[in-house]
There are 2 protein chains.
Amino acid sequence: MKRLEVLRELAHQNNKKILIWVFDGIGGLPHPDKGGKTELEVAQTPHLDAFAQRASTGRTMAYGPGITPGSGPGHLALFGYPNDQLQIGRGVLEVLGSEVCFHRGQRVEGFALQPGDLAARGNYATHEDRDGVHVITNRRAHKPKTEETERLSLRLSEQIQIDGVEVFIFPGMEHRFGVVLRGAGLQEGLTETDPQVEGAPEPACEATRPEAAAAAAAVNAFVAGAKAALQGAGSRATTVLLRGIAERPAIPTLPELYGVRAGAVAAYPMYRGIANLVGFDVLGAPKTHREELETLKAHYNDYDLFYFHIKETDSVAHLGDFDGKVGVFEAVDPIFGEALALGWDAVVVTGDHCTPSVLMEHSWHPIPTAIWYPACLADDSPKLTERHCARGTLGDIEARHMIPLLMAATGKLLKYGA
Amino acid sequence: MKRLEVLRELAHQNNKKILIWVFDGIGGLPHPDKGGKTELEVAQTPHLDAFAQRASTGRTMAYGPGITPGSGPGHLALFGYPNDQLQIGRGVLEVLGSEVCFHRGQRVEGFALQPGDLAARGNYATHEDRDGVHVITNRRAHKPKTEETERLSLRLSEQIQIDGVEVFIFPGMEHRFGVVLRGAGLQEGLTETDPQVEGAPEPACEATRPEAAAAAAAVNAFVAGAKAALQGAGSRATTVLLRGIAERPAIPTLPELYGVRAGAVAAYPMYRGIANLVGFDVLGAPKTHREELETLKAHYNDYDLFYFHIKETDSVAHLGDFDGKVGVFEAVDPIFGEALALGWDAVVVTGDHCTPSVLMEHSWHPIPTAIWYPACLADDSPKLTERHCARGTLGDIEARHMIPLLMAATGKLLKYGA
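Quick caveat, the model's predicted, so the values are computed rather than measured.

Asker: Sorry if this is basic, but what is going on with the overall build of chain A here?
Answerer: Scanning chain A from N- to C-terminus turns up 15 helices and 15 strands. Computed over its C-alpha atoms, the radius of gyration of chain A comes to 23 Å, within 12% of the 22 Å expected for a compact globule of 418 residues. Along the three orthogonal principal directions, the C-alpha set of chain A runs to about 75 × 55 × 35 Å. The buried share of chain A, reckoned over its 418 residues, is 52%. Intrachain contacts of chain A at a sequence separation of at least 6 include 73% that bridge at least 24 residues.

In structure tokens:
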């Protein structure tokens, strides 16, 4: 946080315009059937190529080598708030990165974490009642399938009733889920209900400070309700274990830190939610890339800092569809060209993480990135690719430095010390 | 500080000789009228070229991407003491980086911060007296011009009288200035007099520990004196707000850490002051590059670690004089050659920050650097330039690692652990 305080002090307002263009899961890996080329190397993208030739290329890392970021942590790092600096609760990260949310037995779209919400990360687990003591016998409920977890989560959202508290459930992979409790006066300062070892009694949630007493009661009511709901559900899951129970973090937003007017263009709810968390106004309701472009154009005059998100590069890579990812780059390329033509003082093309289609998953590889501004040191990269970016003049930098770099590039950061 | 303690433990004394050659503001950017080349790319510097060909090239960053270091923070990072590690007060940084100092209505040269000095960062500000309550109405006195700030600072230094305390004022850009109070028993542990928001009452300075009571009284006397001096000064500034009030930091000096004998060759007062702060003996009184070389030669046998500073690369770049900066590199090149010929066990050529002449200001770009020692891994850079250094074998490193690297290169750092 101390670095953010320095940045806040150096911030300087002007009308210069910045575009952060995110291809979700941008980076890939060579495919043996494609001449050993990556998706970015194969894609025919004249507008991106021309941009890369004017730009300084390099790579960003969200959490350093070996750490594969989820979408929540990846975007937080890109926006300058890596979680290892800020101590954002695991529950909050889980919820920010979830694409499915159940509320009162219904799937809901566009969930946004609000101030005062309490978020937790959960495990479905198995317990036994031994003379009234609930002993955890399997902390992961014998690893249910993801579909079973989705079914259980829907059921919990339908059946659990807590006075004055709304419950939102976010099913994850296998035994994992997220939960949000929303109600007046729910404050953090709570112990976890996960004993961490099997064969141990299930602990109740306790308040570590008096203000959190109502929240502890709500958490314990949630666990009791989950136990009741799981009876007769046809699963080895019989209880839930909650960890990382915390409020929405009080992040100093980008407008607060830099005095910028920040606008986000994204089609998918979770990216809209993350952008909202860090202070972007979330614009319009675009569904297609073309609609995203029109949204950007419509609000171009109203903001200094834009975040523009393309989801499908990630989605198709998760399916192992190398050609599909190439196709998304090629289809978006003219849209990118039109967006560029609006006129900018600094533009970066980057990602929140890599999703190589040969892996069908997010990966830990550094994120190919190209940044242009009038005073950038352009290199001789003919194209934005993993291999060119590995040798560019931007070098390898932590993703959290990207926003300060864009601010410096546009005269929005003053000198540090005389 | 923990890393410094490790370094102190590993330090090993020998007679190997190290030269740190600093071109102030070394790095530049391509100029459209110069075939897209930078100052370093254009300059004809046979001695520097030959050195780069034997060296490992790379780049250093003082505070990471996007942060433009002032001369004080930039040099502290290069000497191994980046301010984000050490919590040096903002007042101290301001004063260390200032080129103008007023004392008793006179401009003084060669101000050196002494142990026991109390330094603060100041704003000229505007206030209103509302029934005896001083309310801050503009925290920056409506942004006076820099010349007005210089005039006001001279006036304050002339008029403010505090018993047993000497006052030094350092005018900065627009509303900013630095102040040093020098007197017996002035200890840190003080609250700030800046309410941080406009429309709030101006707080008095208070001691947060009993030992700081005399200092709090001196600070409040300074503010009262400033208010009186600003009356009739023909400015919208009517008071001053002080932040970051602290003593000269108790930095473990380079001689203390490494057991080296450290000698500094610099012509300009502020670089001599910073070198003094970290434990260099400041040598002679050279005014020209040739006199700097003669100073180095005269003391060559007396020290193990030399800092050699060339100021003009920065000065001419601040004027936007591309050819002038090229000319300084070319004029200094034979001096560098003569200095090299003295014989060294490790030499680094680097900067404290970049000052591209096309920007006419310090910048945030990584600092081109070449280091030579017998066991360095030379790369194929034909010349020390921004673009070659972006791909050199040194890589991109934090500036604070340069001193340890030089110590290791000369056998002055032992193995860490068995």
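There's more to say after this.
Asker: Teacher, can you tell me more about the interface of chain A and chain B here?
Answerer: The accessible area lost on association of the parts is a frequent measure of interface size. At the junction of the two partners, chain A supplies 18 residues and chain B supplies 30 residues. Broken down by secondary-structure element, the contributors of at least two residues to the side of chain A that touches chain B are α1 (2–10), β15 (395–398) and α15 (402–409) of chain A. Counting residues per element, the side of chain A that touches chain B draws most heavily on α15(A), at 4 residues.

Asker: I tried to follow the sheet that holds β15(A) on my own but got confused; where do I start?
Answerer: In a beta sheet, neighbouring strands are held together by backbone hydrogen bonds and run either parallel or antiparallel to one another. All names here are of chain A. Strand order in the open sheet formed by 8 strands is β11-β10-β12-β1-β13-β14-β2-β15, with mixed pairing between adjacent strands. The open sheet terminates on both sides in strands that have one partner only, identified here as β11 (281–282) and β15. With 4 bridges connecting them, strand β2 (residues 56–61) and β15 associate as parallel partners. Within β15, the position partnered with G58 by the bridge is G395.

Asker: I tried to follow the relation of the copies chain A and chain B on my own but got confused; where do I start?
Answerer: In summary, the two copies of the chain are related to each other by a rotation about an axis coupled with a shift along it. For the match of chain A to chain B, the screw axis carries a shift of 0.1 Å, the RMSD comes to 0.2 Å, and the turn is 124°. On the angle and the small slide along the axis, the relation comes out as a three-fold axis. When C-alpha positions in chain A are compared against the rotation axis, the closest is assigned to A:R391, at 3.8 Å. Each copy contacts the other with its own distinct surface, as only 6% of the interface residues of chain A are interface residues in chain B too.

Asker: Would you mind going over the confidence of the model for chain A with me for this structure?
Answerer: Taken residue by residue, chain A gives an average pLDDT of 94. The fraction at 70 or more is 99%. If you check the scores for this complex, the pTM reads 0.84 and the ipTM reads 0.82.

Asker: Please clarify how the sheet that holds strand β1 (residues 18–23) of chain B should be interpreted in this entry.
Answerer: Residue and element names in this part refer to chain B. With mixed pairing, 8 strands are arranged side by side in an open sheet as β11-β10-β12-β1-β13-β14-β2-β15. Taken across any chain shown, the strands that pair with only one partner, and hence form the sheet edges, are β11 (281–282) and β15 (395–398). For strand β10 (residues 262–265) and strand β12 (residues 305–310), the ladder comprises 4 bridges, and the chain directions are parallel. Paired with A264 across the two strands is Y307, which belongs to β12.

Asker: For this particular structure, what's the right way to read the packing of helix α11 (residues 289–299) of chain A against helix α13 (residues 322–340) of chain A?
Answerer: Packed helices, taken two at a time, are described by the angle their axes make and the gap between the axes. All names here are of chain A. Two elements in contact, α11 and α13, have axes whose closest approach is 10 Å; the angle formed by their N-to-C orientations is 5°. Relative to α13, α11 is oriented roughly parallel. Residues H289, R290, L293 and L296 of α11 form the contact with α13, whose participating residues are V332, I335, E338 and A339. Among the residues making up the contact of α11 with α13, the classes are represented as 5 nonpolar, 1 polar and 2 charged.

Asker: I'm lost on the domain arrangement of chain A in this one. Help?
Answerer: Residue and element names in this part refer to chain A. Splitting chain A by domain gives domain 1 (2–84 + 251–409) and domain 2 (96–247). Put simply, the middle of domain 1 and the middle of domain 2, counted by C-alpha atoms, are 34 Å apart. In this complex, domain 1 contributes 10 residues to the contact, which on the side of domain 2 involves 9 residues. Broken down by secondary-structure element, the contributors of at least two residues to the side of domain 1 that touches domain 2 are α4 (71–78) and α10 (269–277). Among the elements that take part in the side of domain 1 that touches domain 2, α10 stands out by supplying 7 residues, more than any other.

Asker: How should I be thinking about the packing of helix α7 (residues 146–159) of chain B against helix α8 (residues 213–230) of chain B in this particular structure?
Answerer: All names here are of chain B. For the pair α7 and α8, the least separation of the axes is 9 Å and the interaxial angle reads 115°. Note that α7 runs across α8; the crossing there is right-handed. For the pair formed by α7 and α8, the contact residues are L152, R155, L156 and Q159 on the first element and G225, A226, A229 and L230 on the second. Split into classes, the residues belonging to the contact of α7 with α8 amount to 5 nonpolar, 2 polar and 1 charged.

Asker: I would appreciate a short explanation of the nonpolar core in the present structure.
Answerer: Soluble, globular proteins show a tendency: their nonpolar side chains are buried together. Residues A:V219, A:F306, A:F308, B:V219, B:F306 and B:F308 are the most contacted members of the largest nonpolar core, which totals 256 residues. Apart from the residues lying within four places of it in its own chain, the contact partners of B:F306 are B:I18, B:L19, B:I20, B:G263, B:V265 and B:L296.

Asker: Is there a simple way to explain α10(A) in this structure?
Answerer: An α-helix turns once every 3.6 residues. As a result, residues three or four positions apart point the same way. Residues and elements named next belong to chain A. Judged by how many residues are buried, α10 sits mostly within the fold: 7 of 9 residues are covered. When α10 is considered as a whole, its buried residues turn out to be M270, Y271, R272, G273, I274, A275 and L277. Elements that come into contact with the buried residues of α10 comprise α4, α6 (90–96), β10 (262–265), β11 and β12 (305–310). Backbone geometry just after α10 places G279 at a positive phi near 105°.

Asker: Quick question: what am I supposed to make of helix α8 (residues 213–230) of chain A here?
Answerer: Residue and element names in this part refer to chain A. The first and last C-alpha atoms of α8 sit 26 Å apart over 18 residues, in line with the 26 Å expected at 1.5 Å per residue. Inspection of α8 places A215, A216, A218, V219, F222, V223, A226 and L230 among the buried residues, and these make up the whole buried set. Mapping the buried residues of α8 onto a view down its axis gives an arc of 165°, with all of them on the same face. Against β5 (118–130), α7 (146–159), β7 (166–171), β8 (176–182) and β9 (239–247) lie the buried residues of α8. G232, located one to two residues past α8, shows a positive phi value of around 75°.

Asker: For this particular structure, what's the right way to read the environment of A:E150?
Answerer: Residues and elements named next belong to chain A. Structurally, the position occupied by E150 is in helix α7. Here E150 falls in the partly exposed class, since 18 other C-beta atoms lie within 10 Å of it. Separated by 27 residues in sequence, E150 and F177 have C-alpha atoms that sit 8.7 Å apart. Contacts of E150, omitting those with residues within four sequence positions, involve V100 and P171.

Asker: For this particular structure, what's the right way to read the pairing of strand β6 (residues 133–138) of chain B?
Answerer: Look at any regular strand and the pattern is simple: side chains alternate between the two faces of the sheet. By the bridge criterion, 5 bridges tie strand β5 (residues 118–130) of chain B to β6(B) in an arrangement that is antiparallel. Residue pairing across strands places B:H127 opposite B:I136, the latter belonging to β6(B).

Asker: Please explain unusual backbone geometry as it appears in this structure.
Answerer: When glycine is set aside, most residues are seen to have a negative phi, and most peptide bonds are trans. The phi dihedral of A:R104 is positive, around 50°, even though this residue is not glycine. Positive phi, normally seen in glycine, also occurs at B:D131, with a value near 55°. Along the polypeptide, B:D131 turns up in the loop between β5 and β6.

Asker: How should the pairing of β10(B) be read in this particular structure?
Answerer: All names here are of chain B. Because side chains alternate across β10, one face comprises the buried residues A262 and A264, and the other comprises G263 and V265, equally buried. Bridge count for β10 against β11 is 2 bridges, and the pairing is parallel. Pairing of G263 across the sheet is with D281, part of β11. After leaving β10, the chain enters helix α10 (residues 269–277) and then returns to the sheet as β11, a path that is right-handed.

Asker: What am I meant to see in the environment of A:I88 here?
Answerer: All names here are of chain A. Tracing the backbone shows I88 in the loop between α5 (83–86) and α6. Of the residues examined, I88 has 23 C-beta atoms within 10 Å and is grouped as buried. Note: C-alpha distance between I88 and P73 (15 residues apart in sequence) is 9.5 Å. With residues near it in sequence (within four places) discarded, I88 still touches N83, L93 and P249.

The rules we used
Residues numbered from 1 in each chain as written. Chains lettered and ligands numbered in written order. Predicted model: local features only at pLDDT ≥ 70, side-chain atom pairs only at ≥ 80, totals over all residues. Helix = DSSP H or I, 4+ residues; strand = E, 2+ residues; numbered from the N terminus. Rg over C-alpha atoms; globule rule 2.2 N^0.38 Å. Buried ≥ 20, exposed ≤ 12 C-beta atoms within 10 Å, placed from the backbone. Contact = placed C-beta atoms within 7 Å. Pairing = 2+ DSSP bridges. Least-squares fit on C-alpha atoms with pLDDT ≥ 70 in both. pLDDT = per-residue confidence, 0-100. Axes fitted to C-alpha atoms, helices over the stretch in contact; angles between N-to-C directions. Parallel < 35°, antiparallel > 145°, perpendicular 65-115°, else oblique. Nonpolar A, V, L, I, M, F, W, Y, C, P; charged D, E, K, R; others polar. Domains from an automatic or database assignment. Left-handed = near helix turned anticlockwise from the far one by under 90°. Core = buried A, V, L, I, M, F, W, Y, C linked by C-beta atoms within 7 Å. Expected span 1.5 Å × (residues − 1). Arc of directions from axis to C-beta. Right-handed = clockwise from strand over helix to strand, strands pointing away.

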